[in-house]
Amino acid sequence: MLRFLLIRFGRAALTVALVVTFAFIVLRLSGDPALIIMSVDAPPEAIAAFRKAWGLDDPIWLQYLHYFTAIGQGELGQSMRDGRPALQLVLERIPATLALTLPALAMKLGIGIPAGIYAALHRDSLIDRAVMVTAVAGFTVPSFVLGLVLVLVFSVQLGWLPSGGQESWRHAILPVLTLGIGGAAVLARFTRSAMLEVLGQPYIRTASAKGVPWARVVRGHALPNAAIPTVTIVGFMVGSLIAGAVVVESVFSWPGVGRLLVVAVANRDLAVVQCILLLVAVTMVSSNLIVDLLYGVMDPRLRSGAKAGAH
Amino acid sequence: MADITASALPAAAAKPAPRPKRRVPPVVWLGLAWLVLIIAVALAADWIQPYRFTAYDLRNRLSPPFHPLHWLGTDELGRDVLSRLIVSVRISLLVAFGATIISAVLGTVMGFLAAHFRGWVEQIVLMLADFQAAMPFLILALSVLAFFGNGLTLFICLMGLYGWERYARIARGLAISAGAQGYAGAVRQIGASPSRVYLRHILPNIASTLIVSMTLTFPEVILLESGLSFLGLGVQPPMTSLGNMVGYGREYLTRAPWIMLAPAATIVMTTLAVSLVGDWLRDKLDPTLR
Amino acid sequence: MTGPMSPETLLALRDVCRSYSMRRGLLGRPTAVHAVDGVSLTVEKGRTLGLVGESGSGKSTTGRLALGLEPPDRGAVLFKGEPLPKDGTQEWRAMRARMQMIYQDPLGALDRRLPILEQVREPLDVHGIGEAKARDEKALALLQSVGLRADQGSRYPHELSGGQRQRAVIARALATGPDLLVCDEPVSALDVSIQAQVVNLLVDLQEELGLGLLFISHDLKVVRQVSHRVAVMYLGRIVEEGEADLLLHAPAHPYTEALVSASPEPGRRARPRIVLQGDPPNPAARPSGCAFHPRCHAARERCKVETPALLPLPDGRLTACHVAHDQANFLTSPLLKAAS
C-alpha cells in the first residue's frame with residue numbers, strides 16, 4: 001500500500017513538473033520574452049534591465065532551474081496590464097467560477113448518475129431512450145451553442161432571465177444550466193454503460209439465480225462495481241471545476257477564471273496565462289490523485305500493484 | 001407433449017438463423033449523406049458560393065433568411081450568410097481533417113516507437129501520454145496561443161496535438177502483442193526490417209482500429225476549433241470558420257439570430273453525423289473499443 | 001566431428017543460460033528465474049534432435065536461444081561454428097535466411113490481411129532472392145512442395161484449415177532454403193488426424209533438403225516419429241540425452257521413464273504406468289539437489305543435496321541421475337565381473 005501511494009504521488013509530482021517544463025519551453029520558444037513583454041519601442045536600457053532581472057543572459061539550464069525555484073516559491077510574475085501579482089488576480093476570480101461550476105457539478109451528479117442507473121435497469125424504456133438521445137446531444141452540441149440558444153429562448157424571446165453579467169443569483173441560472181445539461185448527459189451515458197457491463201457479469205446472474213432479491217443484487221453487487229469506472233469521470237469533472245467554464249463564462253460575460261484566461265490570452269498577458277495553467281494542472285493532478293486513492297480503497301485488486309506494474 | 005413440440009417448432013423455425021447481415025441503419029445513411037454533402041461543399045466552395053464571402057451588400061444589411069438574393073440572410077455588413085457558411089465549412093473541415101490526420105500519424109508513430117524500443121523510450125511516451133490525458137487540452141491550447149500568437153498552419157498543428165495519446169496507446173498495445181507471439185514476431189524472424197514489419201504488416205492490421213479512433217477524435221476537434229474560434233482565439237478574421245461565425249453572430253443575437261443559428265446548426269449536424277457513422281463503424285470493425 | 005563419418009554440425013549450444021527477472025507480490029524483490037540453465041546440445045545436418053519436456057521446462061526458450069531471437073546470458077550459440085550475430089543487426093537479419101522457425105499457432109504466425117502466396121513470397125522479397133518477377137513462380141513451387149494447391153495461394157489465412165495454414169508456414173520458412181528449422185510444438189495445435197500428415201511432410205522435406213531440425217514438443221508420440229536423437233529437459237536443464245530408440249525404449253532417468261510410460265508405444269507391451277507425484281515444476285522455486293527429486297520414485301538422500309551432472313552412461317547416452325549412474329557403475333564394476 002505504501003508503495004502504491006508513493007508511486008501515485010511520484011507520478012502526480014511528475015505531471016506538475018511536466019507542466020512547468022511545458023510552460024518554460026513554450027515561453028522560451030515563443031521568442032525573446034523581453035521583447036514580448038516589453039513593448040517593441042521600449043528604451044534599450046529598460047530592455048537590458050529586464051533581461052538582467054529575468055536572468056535572460058544566463059545559460060538555458062540555469063534559467064530553467066531559476067524558473068523552477070521561482071515557481072516553487074509561488075513567484076508567478078505580474079500581470080502586464082495592471083501590474084498586480086498574477087496569482088492574486090487569478091485567486092480573486094476563483095469564487096466566481098466556483099459559483100457556476102459547483103452547482104453545475106451538483107446538477108451533473110444529481111441528474112446524471114440516477115438517470116444512468118435508471119436507464120440501465122430499465123433498458124429500452126422511454127427514459128432509457130431519452131437518456132441516450134440527450135447524451136448524444138450533450139456530446140454534439142457545443143456549450144457555446146447551447147448557451148446562446150438558452151439565451152435566445154429564455155432571455156430574448158421569453159424575457160425571464162438575464163443574458164449575462166453577475167449581479168444576482170438569477171444571472172447564474174443559465175450558465176449553470178448550460179454547464180450542467182451537457183455534463184449530466186455525458187455522465188448518465190457513462191453510468192449507464194458501466195451499469196450494463198456489470199449487470200452482464202456472471203456473478204450478477206449467479207446472485208439473482210440464487211434467489212437474492214433483485215433490489216439487493218443491484219444495491220449489493222451492481223452499484224458498487226459500476227461505481228468504480230464512474231469515479232474516474234467524476235474525478236475529471238471535479239478536476240475541471242476551475243478550468244471547465246472557459247467558454248460558458250465567455251458566453252455569459254461571467255467574470256471568472258475562464259473569462260480572465262481568454263482576456264489574458266487575447267492580450268498576451270503571459271504571467272496570468274502561466275499562472276492559470278499551473279493552477280489548473282495542480283487541480284487536475286490532485287483530483288486524479290484522489291481518484292486513484294479512492295480506486296485503491298474501492299478495488300483491492302488494484303492495490304496489489306497489478307495496475308502499477310502492468311504495461 | 002405433442003402440442004408442445006408442435007407449438008415450439010414453428011417458433012424455433014421463425015427465429016432468424018445465425019444473425020443475418022445487418023443492413024446499414026437509416027440514421028447512419030443520413031449521417032453519411034450529410035458528411036458527403038458537407039465535404040462536397042468544402043471542396044467546391046469556390047464555385048458554389050453565391051458571393052465573395054467578404055463582399056458587402058450595404059443595401060441589404062441584416063436581411064432575414066429567404067431573401068431572394070440572400071437565401072440565408074445577411075449580416076450587419078450585408079455579407080451573405082450562405083457564402084460565409086460555405087467558406088466556413090471549408091476552413092473548419094480543413095482544420096479538423098488536418099488536425100485529425102496529424103494527431104493519428106503522430107500518435108501512431110509514438111506508439112510504434114514505444115513498442116519497438118521499449119525501455120526508456122516507452123516510458124517517456126507513456127509519461128507524455130499520461131500528461132496529455134490529465135490536462136484539459138483547451139487550457140494547453142490557450143497557453144500556446146497566448147505565447148505564439150496565431151496563424152492557420154500553427155493552429156492546425158496545435159489542434160493536431162489533440163488526442164494523439166489515444167492512437168499512441170492503441171498502436172503501442174497492438175504492436176507489442178503482434179510482436180510478442182503473433183504475425184509481427186514471425187515476420188521479424190524471417191529477417192524483415194523494422195520498417196517492413198511496422199508499415200507493411202502491423203499498420204494494415206491495426207488500421208481499422210485507428211480509423212475508428214479517428215471518428216472519435218474528429219468531432220472533438222471540430223468542437224475544439226469552433227470553441228476557440230468562438231472565443232476569437234482560433235481562426236482569425238478576415239478568414240472565417242463555423243465557430244467564428246457563431247462568435248460574430250452572438251453580437252446580433254437579438255436582432256439577427258440567423259447569423260448565429262446557421263453555423264451552429266452546421267456544427268451540431270456535422271459532429272452528430274460523424275458520431276453516428278463512427279458508432280456504426282465501431283460496431284462493424286472493432287467491437288472491443290468503447 | 002569425431003570421425004570422417006560423423007555428420008556435419010549445424011547448430012551447437014554450449015552451456016547456455018537464460019534467466020528472467022520476476023517480481024513476486026507487491027513488495028517482493030525481483031528474483032531471477034532460470035528458464036534455461038546450462039544447456040548444451042548439437043543439431044546436425046539432415047538430422048533431428050527432439051527436445052522434450054513439460055511446459056515450464058525451458059524448451060521453448062532453448063528454441064528461441066538457438067535461433068538467436070534472444071541472447072544467452074552465458075554460454076555460446078554457434079551456427080556452423082560461428083557465433084550468432086547480435087539481435088536486430090543487419091547480419092542477424094541476413095542470418096534469418098539460413099535458420100527458420102515453425103510455430104505452434106500457424107494462424108497467429110500468419111498476417112491475416114495478406115494472401116498466403118504473398119506471405120510465402122515475403123522472405124524472397126526481404127532477402128532479395130531471385131528476380132522480382134520470378135518470385136511468384138518460386139512461391140507457387142514452394143506451395144506445391146508442401147502440398148498446397150496453387151489456387152490456395154490467393155486465399156487468406158482464415159480461409160484455410162489448421163493443417164493447411166501450418167503447411168503455408170512451413171513453405172514460408174523454406175523459401176530462403178534454410179539449413180536449420182526450429183519447430184516449436186509444430187503440431188500440438190492441430191487435430192490429431194492432421195498431425196501425422198504435417199509430421200510426415202517435415203520428415204520428407206528433411207530427407208529431400210537435408211535440413212537439420214530442432215523439434216520441440218511435449219508429445220513423445222510425435223517426437224518418436226521424427227527424432228534421431230532426443231534430449232529431455234526438466235526445469236531448464238537437460239536430464240537425459242541420447243539416440244531416440246535407446247532413450248525412448250529404455251529410459252535411464254526416472255523422469256524420462258515417467259514420460260515414456262505416459263505415452264505407450266503401439267505394438268509394444270505397455271509398461272506399468274508411472275504417475276508423477278507432487279507439484280508440477282515451477283522455475284521460480286527450483287528444488288535443491290536434483291530438481292526432480294520431490295517427484296522421483298527412486299530419490300535418495302543424496303538427490304536432495306547434490307545436483308547430478310549430465311554424464312555418459314556406458315551405452316553412450318548422457319544422463320543426469322545419481323541412481324542411474326550408481327546402477328551402471330554397479331553393473332560394470334570389477335566385483336560383478338569377477339563374480340560372473
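Residues numbered from 1 in each chain as written. Chains lettered and ligands numbered in written order. Predicted model: local features only at pLDDT ≥ 70, side-chain atom pairs only at ≥ 80, totals over all residues.

## Points about the overall build of chain A
Note the threshold: Numbering goes from the N terminus for both helices and strands, where a helix is a DSSP run of H or I of at least four residues and a strand is a run of E of at least two. Here a residue counts as buried when 20 or more other C-beta atoms fall within 10 Å of its C-beta, as exposed when 12 or fewer do, and as partly exposed in between; the C-beta atoms come from the backbone. Residues are treated as contacting if the C-beta atoms built from their backbones sit within 7 Å of each other.
If you tally the helices and strands in chain A, you get 14 helices and 0 strands. Out of the 311 residues belonging to chain A, those deemed buried represent 35%. Looking at chain A alone, contacts between residues at least 24 apart form 73% of all its contacts between residues at least 6 apart.

## Remarks on the overall build of chain C
Formally: Restricting the calculation to C-alpha atoms gives the radius of gyration, and the globule rule supplies 2.2 Å times the number of residues raised to the power 0.38.
Of the regular secondary structure elements, chain C holds 13 helices and 12 strands. Computed over its C-alpha atoms, the radius of gyration of chain C comes to 22 Å, within 12% of the 20 Å expected for a compact globule of 340 residues. Taking as baseline every contact in chain C between residues at least 6 positions apart, the subset at least 24 positions apart corresponds to 63%.

## A closer look at the sheet that holds strand S10 (residues 237-243) of chain C
All names here are of chain C. Put simply, the test is: At least two bridges found by DSSP between two strands are what make those strands a pair. As a rule, the C-alpha atoms of each element are fitted with a line to give its axis, helices using only the stretch in contact, and angles between N-to-C directions run from 0 to 180 degrees.
In spatial order, the strands read S6-S7-S8-S3-S9-S10-S12-S11; together these 8 strands make up an open sheet with mixed pairing. Of all strands in the sheet, those with a lone pairing partner are strand S6 (99-102) and strand S11 (311-312), marking the two edges. Two strands pair when backbone bridges link them, and strand S3 (residues 48-52) and strand S9 (residues 229-234) are joined in this way by 4 bridges, in the parallel orientation. Note on S9: the bridge partner recorded for Gly50 is Val230. Where helix H6 (residues 162-174) meets the sheet, it contacts S6 and strand S7 (180-184), and its direction lies at approximately 175° from that of S6.

## A look at helix H1 (residues 59-66) of chain C
Where burial is concerned, most of H1 of chain C is hidden: 6 out of the 8 residues are buried. Listing the buried residues of H1 of chain C in full gives Lys59, Thr61, Thr62, Gly63, Leu65 and Ala66 of chain C.

## Let's talk about the domain arrangement of chain A
Residues and elements named next belong to chain A. Inclusion rule: Segment limits for the domains were obtained from an automatic or database-derived domain assignment. All residues other than Ala, Val, Leu, Ile, Met, Phe, Trp, Tyr, Cys, Pro, Asp, Glu, Lys and Arg, Gly among them, are scored as polar; the first ten of these are nonpolar and the last four charged.
When the domains of chain A are assigned, the result is domain 1 (2-72) and domain 2 (86-303). When each unit is reduced to the centre of its C-alpha atoms, the spacing between domain 1 and domain 2 is 33 Å. Listed per partner, the contact involves 11 residues of domain 1 and 14 residues of domain 2. Secondary-structure elements contributing two or more residues to the side of domain 1 that touches domain 2 are helix H1 (2-29) and helix H2 (33-37). If one sorts the elements of the side of domain 1 that touches domain 2 by residue count, H1 sits on top with 8 residues. In terms of residue class, the side of domain 1 that touches domain 2 is made up of 9 nonpolar, 1 polar and 1 charged.

## Some points on the interface of chain B and chain A
With 35 residues of chain B in contact, the opposing surface of chain A contributes 38 residues. Going through the elements one at a time, helix H5 (119-134), helix H6 (137-148), helix H10 (194-230) and helix H12 (258-285) of chain B are the ones with two or more residues in the side of chain B that touches chain A. Considering each element in turn, the side of chain B that touches chain A owes the most residues, 9 residues, to H6 of chain B. Its residues placed into classes, the side of chain B that touches chain A shows 26 nonpolar, 7 polar and 2 charged.

## A few points about the pairing of strand S8 (residues 212-217) of chain C
Residues and elements named next belong to chain C. Counted only if it meets this: If the strands point away from the viewer and the path from the first strand over the helix to the second runs clockwise, then the crossover is right-handed.
Within S8, 6 of the 6 residues are buried, which leaves it mostly tucked inside the rest of the structure. Residue alternation in S8 divides its side chains into two sets, Gly212, Leu214 and Ile216 and Leu213, Phe215 and Ser217, and both sets are buried. Bridge count for S7 against S8 is 5 bridges, and the pairing is parallel. From the neighbouring strand, Cys183 faces S8, where its bridge partner is Phe215. With helix H7 (residues 192-209) bridging S7 and the parallel S8, this β-α-β connection has right-handed handedness.

## Notes on the nonpolar core
For clarity, the threshold we go by: As used throughout, a nonpolar core is a set of buried Ala, Val, Leu, Ile, Met, Phe, Trp, Tyr and Cys residues joined through C-beta atoms within 7 Å of each other.
Judged by nonpolar contacts, the single largest core of 238 residues is most densely connected at Leu261 and Val272 of chain A together with Ala171, Leu214 and Val232 of chain C. Here this core gets 15 residues from one element, more than from any other, and that element is helix H4 (residues 81-117) of chain B. Among residues more than four places away in sequence, those in contact with Leu214 of chain C are Leu11, Val43, Leu49, Leu51, Gly63, Ala66 and Val182 of chain C.

## Looking at the environment of Ser288 of chain C
Residue and element names in this part refer to chain C. By the secondary structure assignment, Ser288 is in the loop between helix H10 (254-262) and helix H11 (301-305). The exposure class of Ser288 is exposed, given the 12 C-beta atoms found within 10 Å. Along the backbone, Ser288 and Leu174 are 114 residues apart, and their C-alpha atoms lie at a distance of 43 Å. Filtering out sequence-adjacent residues up to four positions away, Ser288 remains in contact with Lys304 and Val305.

## A short note on the confidence of the model for chain A
Residue and element names in this part refer to chain A. The test is simple: What pLDDT expresses is the predictor's confidence in each residue, scored from 0 to 100.
When pLDDT is averaged along chain A, the result is 80, and 90% of the positions lie at 70 or above. Confidence, expressed as mean pLDDT per element, reaches its minimum in chain A at helix H14 (residues 300-309) with 45 and its maximum at helix H5 (residues 86-121) with 89. Long-range and interchain partners of residues 303-311, a stretch whose pLDDT sits below 50, account for 12 contacts in this model, where long-range means more than four residues apart.

## A word on the packing of H6 of chain C against H7 of chain C
All names here are of chain C. Where we set the bar: Convention used here: angles under 35 degrees read as roughly parallel, angles over 145 as roughly antiparallel, angles from 65 to 115 as roughly perpendicular, and any remaining angle as oblique. Each crossing gets its handedness from the near helix: less than a right angle anticlockwise from the far helix is left-handed, clockwise is right-handed.
Between H6 and H7, whose axes approach to 10 Å, the crossing angle comes to 15°. Here H7 runs roughly parallel to H6, going by the angle between their axes. As for how H6 packs across H7, the hand of that crossing is right-handed. Here Gly162, Gly163, Gln166, Arg167, Ile170 and Leu174 of H6 come into contact with H7, specifically with Ile194, Gln197, Val198, Leu201 and Leu205. A breakdown of the residues in the contact of H6 with H7 according to their chemical character gives 6 nonpolar, 4 polar and 1 charged.

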